[in-house]
Amino acid sequence: MEKINKNSTLHNRAHTVSGDMMSIAKLYNKLSPFQRVIVALLLGIATGIFVGEPAGQLEILGNVYISLLQMTVLPYVLVSIIGGLGRLDSNMATTIGTRAVKIILAVWLAVMCTLLFLPLAYPNWQTGGFFSSSMITEPTTFNFIKLYIPSNIFSSLSETVVPAVVLFSLLMGIALINVKNKETLLILTTNVGDSLMKVASYVTKLAPLGIFAISASAAGTLEVEELGRLQVFLWVYITAAALLAFVLLPLLIHWATPFTYREVLSTAGEAMITAIATGSVLVVLPMIIDRSKELLAKHKMECEETDSTVDVLVPTAYSFPNSGTLLGLGFVLFSAWYVGTPLGIEQYLAFVTMGALTAFGKMAIAIPFLLDFFDLPADQFQLYLLGSVVTARFAVGLAALHGFVITLLVASAVIKKMKWHRFFQAIGVHLGVTFSVMIVVGLLLKSLIPYKYEGVQTFESLRAMSPIVERVPYQSLQPLTANELTQPRLDIILERGNIRIGYFNASLPYAFKNNDNQIVGFDIELMNEFAKDLGVKVALIRIDNIKDEAKLLENGSIDITIGGKIITPLRALKVAFSDSYTHHSAGLLIHDAKRDDFADLYDIQELKDFNLGIGKSKYYQEAVKEYFPNAKLIEVSNIRHFLKGKHADVDALIYSTEAGSAWAMLYPNFSAIVPKGMKLKAPVGFTLPKGQADYVAFINTWLKLKKDNGFQDKVYNYWILGENPKAKRPRWSVMKDVLGWL
């Protein structure tokens, strides 16, 4: 009897579970494709937050889904454009082309004007940062020919160079218009296109699963803390994206065509969410074509002209700048604000023109080009890449909606069902709304986001990377005895059990005191490692006057001097140098208010009368004169005096960009810049006593070993570039940090 009751209980539980599953299945079947995608997206985000970093393993499943989506796209682009144009007569092709150009240019102009209102939302904050190698890196050139001219169509197809494939297809389609006996080829393109659409529709059914995997992986691995310094840009970007997605683009359709506002967003929603989740608009082109034709059929606007317009325009519009791409250019305006030199109104025309042209390429090329064009720090591109973790998703969602809207507008214009005056009214309303919204957002950001410049604290709180070797305090200088001076210096160091290291004042970031009163820095880190490998202690001795350096090295009061000092011929007559372990990139340390005047070497050379501060090295003074023949050189021996305004007659100071970036963090009203066209570097080495060849050789061997094993790079990245691998914490998750399951 007991066994029967147990079996009955198990049966009831199984029946209950089965019933729950059936209910869930019925509910799922009632959902529209768009609703299923939304549910999958939300479940994925929730899963990523709950599980954390382990959810990143779902990325494999997401990549499979993306690859399945991509496999039909380029073949479909090829046959749809060729077939779509080939079916037309020359008059209709001309009509589609002229309507498309007018509409696309008008939308581009509306989006670029939207960008000009973004600075209204940026507060007035001080900023500063570490040196970046991108400050001295030549910007990537925009290769228009490779992107748009298909010298080898098969290579363009294999490398997914979509603009080149589109151009080839357009030329083939136009040529096919006047070809006789083309029916067989047109039937072939139609059949191939239909087959590819069928395959794409099969893959689209996997959208909920694929989007769940992608969103779970992203939510589980995204480091939210990294986005803190970009929050102003991100909030303004998201606001602008919302204005384009919910005001401009749907309003153009609602006011200028027979389609309603709700129809546009609901029909385009699935493609937008899929594009956002996958990070690619390319994969949803078949979906945009299919939904566009459905909407045209619903309004009894489907005909051969509109079908051809859709087939041609969707892949063609994808190859040109879209609203999402253009919105990304707003980062240049943010960057100009961020570094304290907002673009002037007189520069807006150049921004709109150059922005639209460079947007034909990838953002990885367009942003560095524009930063260079407007003389902004190249290292700002790293901030763009950091923010693109978020913005890239919004950009592809906007691109999907852009393609959908442009297609419907042109299709309506082709059959004369578009109201042009209402079209431009919608643009005017959007710009008015954007102007008002950005002012409000600016007030909100200023009041809601607490901001305090922390560059000084960030720099002064730097700690040694490795455990500090025991240090020996020195009250006074102690020269070696006459007998000790006859012995090899390395033997003296080993016998004494400590190495005497001389350092200078104002040697950021090579040797300085942090807020714990510890002497730290790039060179200190190297010397700490050297002492550890040698098995000796460290004695740090401050040298007040560089003129005493050679004498102190010679009499043994110190064994080595550090501080990022450059190697020069005259110094080499008095002291020995180690091999160069890094270099200084010559640049200008300049007040923010003057940086625009000194951003380009050519413009500086055109100046007739200006004063340039420089150190006492005669060797590099001669090199500087070649770059700035019209400058009056004024020796500046104390950088703090310059930064505190005690050299009011000096317009800019020639200084190491690596070291100048550190000083600019402590004095945020100044910036370290490398004028465009200036390429001057100076080697840096340790200073050693003359006549100690074995000691010098040992130091050089040690430096080579530390370079080969990567230690020098780690120290450089930490002290010069400001990269701190220890600062990264494990990703927070509910499962680990709340429930304690991991």
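Everything quoted here is computed from the prediction, not taken from an experiment.

1. Quick word on the side chain of Thr 114
Reasoning step 1: Summarising the element assignment, Thr 114 is placed in helix α5 (residues 90–116).
Reasoning step 2: From its side chain, Thr 114 meets the backbone oxygen of Ala 110 in a polar contact 2.8 Å long.
Reasoning step 3: The contacts of Thr 114, once residues within four sequence positions are left out, are Leu 244, His 430, Leu 431 and Thr 434.

2. Comments concerning the nonpolar core
Reasoning step 1: Within the largest apolar cluster, 138 residues are counted, with the highest numbers of intra-cluster contacts made by Leu 329, Phe 351 and Phe 423.
Reasoning step 2: Take this core: its biggest share by element is 19 residues, from helix α19 (residues 380–414).
Reasoning step 3: Residues in contact with Phe 351, not counting those within four places in the same chain, are Met 112, Leu 115, Leu 116, Leu 329, Val 332, Leu 333, Leu 343 and Phe 374.
Reasoning step 4: Among the nonpolar cores identified, the runner-up in size contains 63 residues, and Ile 634, Ile 639, Met 665 and Ala 672 belong to it.

3. As for the environment of Asp 307
Reasoning step 1: Mapped onto the elements, Asp 307 comes out in helix α14 (residues 304–318).
Reasoning step 2: Between the C-alpha atom of Asp 307 and that of Ser 292, which follows or precedes it by 15 residues, the distance is 9.1 Å.
Reasoning step 3: Ignoring any residue separated from it by four or fewer positions in sequence, one finds Asp 307 in contact with Lys 293 and Glu 302.

4. Observations regarding the packing of helix α8 (residues 162–177) against α14
Reasoning step 1: Relative orientation of the contacting elements α8 and α14 amounts to 145°, with a least axis distance of 9 Å. As α8 packs across α14, the resulting crossing turns out to be left-handed. Within the contact between the two elements, α8 uses Val 162, Val 166 and Leu 170 and α14 uses Val 312, Pro 315, Thr 316 and Tyr 318.

5. Let's talk about the packing of helix α3 (residues 59–70) against helix α10 (residues 207–221)
Reasoning step 1: Close contact between α3 and α10 brings their axes to 8 Å; oriented N to C, the two are set at 135°. The angle between α3 and α10 falls in the class oblique. Both α3 and α10 take part in a crossing whose hand is left-handed. Across the interface between the two elements, Glu 59, Leu 61, Gly 62, Tyr 65 and Ile 66 from α3 touch Ala 207, Leu 209, Gly 210, Ile 211, Ala 213, Ile 214 and Ser 217 from α10.

6. Some remarks on a negative patch on the surface
Reasoning step 1: A cluster of acidic residues, Asp 596, Asp 597, Asp 603 and Glu 606, forms a negative patch at the surface.
Reasoning step 2: By secondary structure assignment, the location of Glu 606 is in helix α27 (residues 601–606).
Reasoning step 3: Residue classification places Glu 606 among the partly exposed positions, given a relative accessible area of 46%.

7. Digging into unusual backbone geometry
Reasoning step 1: Residue Pro 509 is bonded to the preceding Leu 508 through a cis peptide linkage, with omega at -10°.
Reasoning step 2: Along the polypeptide, Pro 509 turns up in the loop between β1 (498–504) and β2 (512–513).
Reasoning step 3: You will see that Asn 181, though not glycine, has its phi angle at about 55°, which is positive.
Reasoning step 4: Relative to the helices and strands, Asn 181 is located in the loop between α8 and α9 (183–204).
Reasoning step 5: Accessibility expressed as a relative area gives 72% for Asn 181, which makes it exposed.

8. Some details on the packing of aromatic side chains
Reasoning step 1: According to the stated counting rule, one finds 27 aromatic pairs in the structure shown.
Reasoning step 2: Ring centres 6.5 Å apart and planes at 45° place the aromatic pair Tyr 627 and Phe 628 in the tilted group. Each of the two residues, Tyr 627 as well as Phe 628, counts as buried.
Reasoning step 3: Taking the ring centre of Trp 255 as reference, the NZ or CZ of Arg 422 above it sits at 4.5 Å.
Reasoning step 4: Taking the ring centre of Phe 504 as reference, the NZ or CZ of Lys 565 above it sits at 4.8 Å.

About the cut-offs
- Residues numbered from 1 in each chain as written.
- Predicted model: local features only at pLDDT ≥ 70, side-chain atom pairs only at ≥ 80, totals over all residues.
- Heavy atoms only, no water.
- Helix = DSSP H or I, 4+ residues; strand = E, 2+ residues; numbered from the N terminus.
- Polar contact = N/O pair within 3.5 Å; in protein donor to acceptor, adjacent residues only side chain to side chain.
- Contact = heavy atoms within 4.5 Å.
- Core = buried A, V, L, I, M, F, W, Y, C linked by side-chain atoms within 4.5 Å.
- Buried < 20%, exposed > 50% of the residue type's maximum accessible area, 1.4 Å probe, protein only.
- Axes fitted to C-alpha atoms, helices over the stretch in contact; angles between N-to-C directions.
- Left-handed = near helix turned anticlockwise from the far one by under 90°.
- Parallel < 35°, antiparallel > 145°, perpendicular 65-115°, else oblique.
- Patch = residues over 30% accessible without salt bridge, like charges linked within 9 Å, V, L, I, M, F, W, Y side chains within 5 Å.
- Areas by Shrake-Rupley, 256 points an atom, 1.4 Å probe, with all protein chains shown as cover.
- Salt bridge = Lys/Arg side-chain N within 4 Å of Asp/Glu carboxyl O.
- Lys, Arg positive; Asp, Glu negative; His and termini not counted.
- Charge placed at Lys NZ, Arg CZ, Asp CG, Glu CD.
- Phe/Tyr/Trp six-rings, centres within 6.5 Å; stacked < 30°, edge-to-face > 60°.
- Lys NZ or Arg CZ within 6 Å of the ring centre and 35° of its normal.

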